[in-house]
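Overview (structure and organization)
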Amino acid sequence: MPEPLFNLGPAAQLNPKDAVSLVEGGFPVERVRGDFPILTQIHPTSRGALIYFDNGATTQKPRAVLEAIRNYYETSNANVHRGVHLLAERATQALYDARLKVQRFIGARHPQECIFCRGTTEAINMVTQAYARPRLGPGDVVVVSEMEHHANLVPWQLVCEERQASLYPVPINKGTGELDMAALEAALMRGNVKFVAITHASNVIGNITPGREICRLAHRYGATVLLDGAQAVPHMKVNVRELDCDFYVFSGHKMYGPTGIGVLYGKEHILMKMRPYQAGGDMIRTVSFKESTFAALPNRLEAGTPNIEGAVGLGAAIDYIESLGMDRIAAYERRLTRYALARLREIPGVRVVGYEDLVRDEARLAQVEKGSLLSIVCEGLH
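So, how was this worked out
Each chain carries its own residue numbering, running from 1 in the direction its sequence is written. Predicted model: local features are reported for residues with pLDDT of at least 70 only, side-chain atom pairs are reported and counted for 80 or more only, and whole-chain, interface and lining totals are derived from all residues. Hydrogens and water molecules were not included; the side-chain quantities draw on all heavy atoms of the structure. Strands here are runs of E lasting at least two residues and helices are runs of H or I lasting at least four, both read from the DSSP assignment and numbered beginning at the N terminus. The quantity called the radius of gyration is restricted to C-alpha atoms. Its globule counterpart is 2.2 Å times the number of residues to the power 0.38. Buried residues are those whose accessible area, probed at 1.4 Å on protein chains only, stays under 20% of the maximum for their type, while exposed residues exceed 50% and partly exposed ones sit between those limits. The contact criterion used is simple: two residues touch if any of their non-hydrogen atoms lie within 4.5 Å. Only the protein chains shown count as cover for residues, with accessible areas throughout obtained via the Shrake-Rupley method and a probe of 1.4 Å. Counted as positive: Lys and Arg. Counted as negative: Asp and Glu. His and the chain ends are not counted at all. Where a charge lies is defined by one atom per residue type: Lys uses NZ, Arg uses CZ, Asp uses CG and Glu uses CD. UniProt positions are given in the numbering used here, feature names are shortened, and annotations may be inferred rather than shown by experiment. One confidence number per residue, pLDDT, is output by the predictor and ranges from 0 to 100. If DSSP finds at least two bridges between two strands, the strands pair. A right-handed crossover is one whose linking path, passing over the helix from the first strand to the second, runs clockwise when the strands point away from the viewer. Axis definition: a line fit to C-alpha positions, over the contact stretch in the case of helices; interaxial angles, taken between N-to-C directions, run 0 to 180 degrees. The method works on a 1 Å grid over the protein atoms by themselves. A cavity is a set of points holding a 1.4 Å probe that cannot get out, a pocket is an open set with protein on both sides within 12 Å along at least five of seven lines, and residues with an atom within 4 Å of a point line them. Grid points are joined across faces, edges and corners, and a volume is the space filled by probe spheres set on the points. Polarity classes work like this: nonpolar for Ala, Val, Leu, Ile, Met, Phe, Trp, Tyr, Cys and Pro, charged for Asp, Glu, Lys and Arg, and polar for all others, with Gly in that last group. Salt bridges are defined by distance alone: a side-chain nitrogen of Lys or Arg within 4 Å of a carboxyl oxygen of Asp or Glu. Should an angle fall under 35 degrees it is called roughly parallel, over 145 degrees roughly antiparallel, and 65 to 115 degrees roughly perpendicular, with every other angle called oblique. Helix crossings fall into two classes, left-handed where the near helix is turned counterclockwise from the far one by less than a right angle and right-handed where it is turned clockwise.

1. A few points about the overall build of the protein chain
Within the protein chain, the secondary structure is distributed over 13 helices and eleven strands. Over its C-alpha trace the protein chain gives a radius of gyration of 22 Å, about what one expects of a compact globule, namely 21 Å for 382 residues. The principal-axis extents of the C-alpha atoms in the protein chain amount to approximately 75 × 55 × 40 Å. Of all 382 residues assigned to the protein chain, the portion counted as buried reaches 49%. Sequence separation of 24 or more characterises 70% of the internal contacts of the protein chain that already satisfy a separation of 6 or more. If you sum the accessible surface of the protein chain, you get close to 18,300 Å²; carbon and sulfur atoms cover 53% of it. Of the charged side chains in the protein chain, 42 are positive and 41 negative, and the gap between their average positions amounts to 3 Å.

Here is the structure:
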């Protein structure tokens with residue numbers, strides 16, 4: 001079993017004066033901070049260096065990503081797949097190279113299994129409308145969890161309402177934030193579960209769900225699985241083949257890339273069964289007034305001119321993450337989270353959501369996988 005992303009361990013015993021050694025721990029903090037131009041600002045109120053804590057909503061962009069986008073526009077800007085001149089060839093190659101980086105980053109078998117889209121939300125809507133909708137009917141069930149972001153809830157609600165199917169939320173343990181795996185299996189055993197759509201890492205309580213076990217259980221009962229990886233891929237190594245998920249979705253802007261770019265991963269034989277979500281542009285093979293035939297993957301699911309600069313920026317973000325090393329990033333985030341939780345526990349009236357049982361049981365805390373995210377409730381405050 002891999003080391004939990006979060007393990008309080010001895011960190012709670014650290015003196016606040018040890019914060020610097022705890023936080024840095026060999027990670028090149030100042031160098032990395034210097035990679036982000038936006039953080040050179042001085043906050044107008046505090047008059048100190050700008051501190052940014054809202055990475056769960058979107059991340060800031062390192063200089064390497066900004067330069068990659070600028071370089072694309074200065075040297076290679078053209079439309080893709082539809083020209084043989086120099087710039088068109090460069091742009092097409094840049095898009096292909098970005099797709100290869102995504103494939104390697106998530107461990108997909110083929111680059112054409114990685115479909116570029118606007119982000120996690122659009123990717124989930126593509127799955128619900130182009131794949132799930134024709135396969136759902138009265139009496140069928142879609143399983144989600146209580147910890148879902150609404151982007152992985154509302155699209156399923158809409159398609160279930162339209163197709164007269166049912167939506168079942170699997171509960172979580174309120175004291176630890178863990179997904180109730182027994183409840184998930186019980187839901188699957190009741191039958192007619194066609195889809196399971198669950199987050200890989202919660203954007204509210206930080207829990208890492210057991211993606212491989214979720215897929216194994218769902219497949220045993222004939223269900224198709226979508227994992228929402230928006231909060232997972234920036235913080236932990238992800239291999240979609242090891243997970244054996246049918247779909248995996250994530251956004252570039254939460255991993256230091258641009259907004260407006262994301263990825264829908266799907267097993268190739270499943271993607272080929274999807275009816276094109278949108279039509280037009282280079283997603284066709286032949287077209288006439290009588291009928292049209294569709295192109296091969298990935299083009300058939302990428303209508304219109306793609307977000308080329310976004311893909312280039314996403315590729316640069318992947319390069320940046322890999323230059324730091326995902327293991328080093330995860331280890332640094334564990335130290336940050338240990339320290340933050342230890343200090344929050346010292347503040348009267350502050351409760352860390354999803355940790356209520358764990359803070360009273362050090363051994364249990366060491367076993368629960370958590371990401372680097374803490375949600376707090378302050379007594380007396382909205």
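2. Description of the UniProt feature "domain: Aminotransferase class V" (unreviewed entry) in the protein chain
Using the residue numbers shown here, the UniProt feature "domain: Aminotransferase class V" (unreviewed entry) corresponds to residues 51–356. Secondary structure content for residues 51–356 is 39% helix and 15% strand, while the C-alpha to C-alpha distance between its ends is 28 Å.

3. Re the confidence of the model for the protein chain
Looking at the protein chain, the pLDDT average stands at 91 and 93% of residues meet or exceed 70. Contacts for the low-pLDDT stretch residues 1–20, under 50 throughout, to residues beyond four places or in other chains number 41 contacts.

4. Side note on the pairing of strand β3 (residues 166–170)
With five bridges joining them, strand β2 (residues 141–145) and β3 adopt parallel strand pairing. Residue pairing in the sheet places V144 in a bridge with P169 of β3. Chirality of the crossover, the property in question, places the unit of β2, helix α6 (residues 154–163) and β3 among those that are right-handed.

5. Focus on the sheet that holds β3
On the basis of which strands lie adjacent, the open sheet formed by seven strands has the order β1-β7-β6-β5-β4-β2-β3 and mixed pairing. The open sheet has two edge strands, β1 (114–117) and β3, and neither has a second partner. Adjacent strand axes in the sheet meet at a mean angle of 20°, parallel and antiparallel pairs treated alike. Strand contacts of helix α4 (residues 86–106): β1, β6 (247–251) and β7 (262–266), with the helix running at about 120° to β1, the strand carrying the most contacts. The strands that helix α5 (residues 120–132) touches are β1, β4 (193–199), β5 (224–228), β6 and β7; relative to β6, the one it contacts most, it runs at about 150°.

6. Brief notes about unusual backbone geometry
Each neighbour pair has its own omega, and for L297 with P298 the value is 0°, a cis peptide bond. Position of P298 relative to the elements: it lies in the loop between β9 (292–294) and α11 (308–324). Of note in the backbone geometry, D244 takes a positive phi value of approximately 65° without being a glycine.

7. Overview of the layout of surface pockets
In this model, the largest pocket occupies a volume close to 1,600 Å³. Every element with two or more residues in the lining of the largest pocket is listed here: α1 (19–24), α2 (29–34), α11 and α12 (326–344). Counting residues per element, the lining of the largest pocket draws most heavily on α12, at seven residues. Broken down by class, the residue content of the lining of the largest pocket amounts to 23 nonpolar, 13 polar and six charged.

8. Quick notes on the pattern of salt bridges
Taken as a whole and assessed by the stated rule, the structure comprises 15 salt bridges. Here E146 and K174 are joined by a salt bridge, their closest N and O atoms 3.0 Å apart. Taken together, the residues span a long stretch of sequence, with E146 in the loop between β2 and α6 and K174 in the loop between β3 and α7 (181–189) at a distance of 28 residues. E146 sits in the partly exposed class, given a relative accessible area of 41%.

9. Brief notes about the packing of α5 against α6
The N-to-C vectors of α5 and α6 enclose an angle of 20°; their axes lie 9 Å apart at closest approach. The pairing of α5 with α6 is recorded here as roughly parallel in orientation. Judged by the twist between their axes, the crossing of α5 over α6 is right-handed. Residues I124, N125, V127, T128, Q129 and A132 of α5 form the contact with α6, whose own contacting residues are P155, W156, V159 and E162. Class assignment of the residues belonging to the contact of α5 with α6 gives a composition of six nonpolar, three polar and one charged.

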